[in-house]
Amino acid sequence: MSEIVAIIDILEKKIEKLIEKNISLEKKNQELQVDFKKATSLNENHNEVIVSLKKDFDTLKMTNSLLGSEDYKRDTKLKINSLIREIDYCIAQLSN
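Residues numbered from 1 in each chain as written. Predicted model: local features only at pLDDT ≥ 70, side-chain atom pairs only at ≥ 80, totals over all residues. Heavy atoms only, no water.

How would you summarise a nonpolar patch on the surface if you had to cite specific residues and measurements?
Among the surface-exposed residues, Ile7, Leu11, Ile15, Ile19 and Ile23 lie close enough to one another that they form a single nonpolar patch of about 460 Å² accessible area. In this structure, isoleucine 7 sits in helix 1 (residues 2-66). By relative accessible area, isoleucine 7 is classed as partly exposed at 49%. (Patch = residues over 30% accessible without salt bridge, like charges linked within 9 Å, V, L, I, M, F, W, Y side chains within 5 Å. Areas by Shrake-Rupley, 256 points an atom, 1.4 Å probe, with all protein chains shown as cover. Salt bridge = Lys/Arg side-chain N within 4 Å of Asp/Glu carboxyl O. Helix = DSSP H or I, 4+ residues; strand = E, 2+ residues; numbered from the N terminus. Buried < 20%, exposed > 50% of the residue type's maximum accessible area, 1.4 Å probe, protein only.)

Written out as structure tokens, the structure is:
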């Protein structure tokens, strides 16, 4: 009978250790989830900044070409032509 009691004591200690480890892992998981959310938010903010900077760069390229720079002249002409096509399309839609 004492063997059974000893086995039960060993099992209880192992179960307690497993419960403690489970609690510890759950806390670590929660911390990692918080860190992941922060990193995701930071990544989204960086992506927004990148998009904004790309728009600014494109605007600066166009402005530079309008001021006489030969580097981006072709790009500016294409952009102007694209805008003219869009305006023509809008006028056609309004006419209907």
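Could you give me a rundown of the pattern of salt bridges, with the residues and numbers involved?
Summed over all chains, the structure comprises one salt bridge. Between aspartate 58 and lysine 61 there is a salt bridge; the shortest N-O distance is 3.9 Å. Taken as a pair, aspartate 58 and lysine 61 lie in helix 1 at a separation of three residues, close to a single helical turn.

Would you mind going over a negative patch on the surface in detail, with residue names and values included?
A grouping of Asp9, Glu12, Glu16 and Glu20 is seen on the molecular surface, where their side chains present a negatively charged patch. Checked against the element boundaries, glutamate 12 lands in helix 1. Judged by its relative accessible area of 44%, glutamate 12 is partly exposed. (Lys, Arg positive; Asp, Glu negative; His and termini not counted. Charge placed at Lys NZ, Arg CZ, Asp CG, Glu CD.)

Explain the environment of leucine 11 to me, using residue names and the numbers behind them.
For leucine 11, the location among the structural elements is in helix 1. For leucine 11, a relative accessible area of 46% corresponds to the partly exposed category. In sequence terms leucine 11 and leucine 83 are 72 residues apart; their C-alpha atoms lie 76 Å from each other.

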